[in-house]
Amino acid sequence: MTDTPPDRLAAHPSSPFFNEPAMERGVGVRFKGAERHDVDEYCVSEGWIRVALGKKVDRKGAALTIKLTGPVEVWYRDLGADSATGAPEAEAPQTEA
């Protein structure tokens, strides 16, 4: 598996864009400069995310979503948030005991 998350990823298993290995690894999403934890689906190349619309559900019980457009950055959580920008992750200072 590469260190770059998929261009498009969905959290719902019935979606054709669901990727179980990527979901198990954990994908972080930054939308318009703010980290989001409520993203159901995203597409980096098209610049949009889908998020739940409150507690509303459709007749089958699935959450209603809204599409928001803007710049999207993604990274694998096990690599750290700085991997989205390509900057090296800041290391904690070493203390000698």
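Before reading further, recall that the structure is shown in the block above.
Note that the coordinates shown come from a computational prediction; the quantities given were computed from them, not determined experimentally. Here, residues in each chain are numbered from 1, in the same order as that chain's written sequence. In view of the model being predicted, local features appear only for residues whose pLDDT reaches at least 70, and side-chain atom pairs are presented and counted only at 80 or more, with totals across whole chains, interfaces and linings using the full set of residues. Each side-chain value is worked out from all heavy atoms of the structure, with water and hydrogens disregarded.

Caption draft 1: Here's a closer look at unusual backbone geometry. Despite not being glycine, Lys32 has its phi angle at roughly 55°, a positive value. Strands here are runs of E lasting at least two residues and helices are runs of H or I lasting at least four, both read from the DSSP assignment and numbered beginning at the N terminus. Relative to the elements of secondary structure, Lys32 occurs in the loop between strand E2 (27-31) and strand E3 (34-36). Burial classification: accessible surface area is computed with a 1.4 Å probe over protein chains only, and a residue below 20% of its type maximum counts as buried, one above 50% as exposed, and the rest as partly exposed. Exposure remark for Lys32: the relative accessible area of 57% places this residue in the exposed category.

Caption draft 2: Geometry of the pattern of salt bridges. Salt bridge, as used here: a side-chain nitrogen of Lys or Arg that lies within 4 Å of a carboxyl oxygen of Asp or Glu. For the coordinates displayed, the defined rule picks out six salt bridges. A salt bridge links Arg8 to Glu41, with the shortest nitrogen-to-oxygen separation between them at 3.0 Å. With Arg8 in strand E1 (residues 8-10) and Glu41 in strand E4 (residues 39-43), this pair connects stretches of sequence that are 33 residues apart. Between Glu73 and Arg30 there is a salt bridge, and its shortest N-O distance comes to 3.2 Å. Residue Glu73 is found in strand E7 (residues 72-76), and its partner Arg30 is found in strand E2; the two are separated by 43 residues along the sequence. A residue is classified by how much of its surface remains accessible, and Arg30, at 15% relative accessible area, is buried. Put simply, Asp3, Arg25 and Asp78 are held in one network by salt bridges that share partners.

Caption draft 3: How the structure looks around a nonpolar patch on the surface. Like-charged residues are merged into a patch within 9 Å and nonpolar side chains (Val, Leu, Ile, Met, Phe, Trp, Tyr) within 5 Å, provided each residue has over 30% relative accessible area and no salt bridge. Working definition of accessibility: Shrake-Rupley area with a 1.4 Å probe, residue cover restricted to the visible protein chains. A contiguous nonpolar surface patch, about 210 Å² in accessible area, is contributed by Leu53, Leu64 and Ile66. Summarising the element assignment, Ile66 is placed in strand E6 (residues 63-69).

Caption draft 4: Representation of the environment of Val39 within the structure. Here Val39 shows up in strand E4. Between the C-alpha atoms of Val39 and Ala52, which are 13 residues apart in sequence, the distance is 7.6 Å. In this description, contact between two residues means that some pair of their heavy atoms is separated by no more than 4.5 Å. In this structure Val39 touches Val29, Ile49, Arg50 and Val51, once residues within four positions along its chain are discounted.

Caption draft 5: Molecular detail of the sheet that holds E2. Two strands pair if DSSP finds at least two bridges between them. With antiparallel pairing, three strands are arranged side by side in an open sheet as E3-E2-E7. Two strands close off the open sheet at either side, each with one partner strand: E3 and E7. This sheet shows a mean twist of 30° between the axes of neighbouring strands, independent of strand direction. Bridge count between E2 and E3: three bridges; the pairing is antiparallel. Paired with Phe31 across the two strands is Ala34, which belongs to E3. Simply put, an axis is a line fit to the C-alpha atoms, just over the touching stretch for a helix, and the angle between two N-to-C directions goes from 0 to 180 degrees.

Caption draft 6: Summary view of the pairing of strand E5 (residues 48-57). Bridge count between E4 and E5: four bridges; the pairing is antiparallel. By the bridge assignment for E5, Cys43 is matched with Trp48. Connecting the antiparallel pair E4 and E5 is a turn made up of four residues, with Gly47 showing a positive phi of about 70°. Note: E5 against E6, six bridges, orientation antiparallel. Its bridge partner being in E6, Trp48 is matched across the sheet by Thr69. Hairpin connection between E5 and E6: a loop of five residues separates the two successive antiparallel strands, and Gly61 in this loop has a positive phi of roughly 95°.

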